[in-house]
Amino acid sequence: GRLAARILPTDRLTIDLAVTLNDEQQDDLGLISTGVYVPGAIGEFLCMVAYEDCPHADTANGLYPRNRRHYNHNNPLRVEDDYQLYTANITWQGERVAFTSVTGYVETDFHRNGELDMDSLDIVNEDFEDIQKSSISQEFRLQSAGEGRFHWIVGGIWAKDKHDEIESINFGSDPTTVEFFEVFPHFIIELSTLEREITSKALFAEGSWDVTDRLTLTAGARWSEDEIKARETKIEFESLLPAQRAKDSWDDVSPRFAANFAVSDDVNLYATVAKGWKSGGINMELSTPTDPFNKFDSETLWNYEIGIKSTLLDRRLRASLAAFLIDWKDVQVNASRLILDEEGDLVSVQGISNGAKARSQGLELEITALPVPQLQLGLNAGYLDTEWKDFAGAVTGFGEVDLTGKPLPKAPELTLSANAEYTVQFGSSWEGFLRAEFNHEDKLFYDVN
């Protein structure tokens, strides 16, 4: 459900209020047994180590493809997710200045319980996973209004995000599993809690000067600071691990410069130079708090872009072309690796590591045409060339390797999309349309592995 309201106390003051409520419930995944345990699945592992002859307990109704709808799970999964979103936007429009206030609050509640083995055998269960998140933010902006050659905007943002999570995973009561692992029924595999709080602050300012009727110069900067506090407690295999606590903060100043030249009323040239910043963070999924993988640094980049935007043929053709170059430092990369915990056992941990340097450059073309009023054509094309400039110690599932010279993950070299839409009018009250779309994306590496 969603409710929105606009209040106009005066001709200059506008207040927009909105609330959105959402409640979702998802039943069991309904997986159909094929009679084959997928490599890496819990069932296959237990099949190898605990059973002399792998039982297919879900075969009462036959195997796929003969069986397409019957399945047999002893403890079906149950997922519930709901959120509440509240926003307030207040704008006051003066003759020379305008003031804007944007307030937002969102709260989400997630619950899941059920089996994790996806089998009719009572092997492993998630008793519960409860996650509560909330986020509140406040932004103020003051900007120039009216005529003049100089335009400006200043503002600030404050936000706080909270994340509370608790999860319990237990062995089931399957006799063979209990006997093999020498545990009692419902033995605790993991009972963990995670508390995380992020406080964000930012101040920004930007000014644009119309040097001539055709040339505009822009300069601005943004100061940002993120502070993270985190605490994690964990019981693994009935043993209490040391609680982990972490606190850190990161800040940055990012400038931006731009120039825009109007060749004519329909053609504009532009160039921008801007710094980007992504805050560092904390990996809590570690058994060794002093491990250097526990924290990761901020990611920064410089973006250089030039382009042209045009509206031609009596506004029936809109075309833009851009070329860009991005230089990255300390790129944040999702990674996993094996480490020795405090007991000397080999465990797998996942988190974020920092790549040293990377580069990305490319071209982007966008065309929209209206040959006749009823027909609209669109074309988008992109060429992307990416490369790790210095990534000798890349953390992967195969150990630390040298990825220098390799392309970045999720960066296809060529992307292409086209669309055509034809509209037909039926009388004075109805219209219909026929639309065709084409999308192509080159092969890519999904992650550093």
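Use the structure listed above.
The rules we used
Residues numbered from 1 in each chain as written. Predicted model: local features only at pLDDT ≥ 70, side-chain atom pairs only at ≥ 80, totals over all residues. Heavy atoms only, no water. Helix = DSSP H or I, 4+ residues; strand = E, 2+ residues; numbered from the N terminus. Buried < 20%, exposed > 50% of the residue type's maximum accessible area, 1.4 Å probe, protein only. Contact = heavy atoms within 4.5 Å. Phe/Tyr/Trp six-rings, centres within 6.5 Å; stacked < 30°, edge-to-face > 60°. Lys NZ or Arg CZ within 6 Å of the ring centre and 35° of its normal.

**Comments concerning the environment of Phe184**
Now for step 1: Considering the arrangement of structural elements, one finds Phe184 in the loop between helix H2 (175-181) and strand S7 (188-210).
Now for step 2: Residue classification places Phe184 among the partly exposed residues on the basis of a relative accessible area of 46%.
Now for step 3: Once you skip the residues sitting within four places of it in the chain, Phe184 turns out to touch Val178 and Glu238.

**A word on unusual backbone geometry**
Now for step 1: Here Leu313, not a glycine, exhibits a phi torsion of approximately 50 degrees, which is positive.
Now for step 2: In this fold, Leu313 is placed in the loop between strand S14 (299-312) and strand S15 (317-340).
Now for step 3: Positive phi values are uncommon outside glycine, yet Arg315 reaches one of about 65 degrees.
Now for step 4: Mapped onto the elements, Arg315 comes out in the loop between S14 and S15.

**Some thoughts on the packing of aromatic side chains**
Now for step 1: For the structure shown, the criterion picks out five aromatic pairs.
Now for step 2: When the ring of Phe99 is compared with that of Phe140, the centres are 6.0 Å apart and the planes differ by 25 degrees; the resulting orientation is stacked. Placement of the pair is Phe99 in strand S4 (residues 97-115) and Phe140 in strand S5 (residues 124-144), with a sequence separation of 41 residues.
Now for step 3: Classification of Phe140 by relative accessible area gives partly exposed; the value is 43%.
Now for step 4: The positively charged end of Lys309 is found above the aromatic ring belonging to Tyr270, 5.5 Å away from the centroid.
Now for step 5: In this structure, Lys410 packs its charged tip against the face of Tyr446, placed 4.8 Å from the ring centre.

These figures come from the coordinates and say nothing about function on their own.
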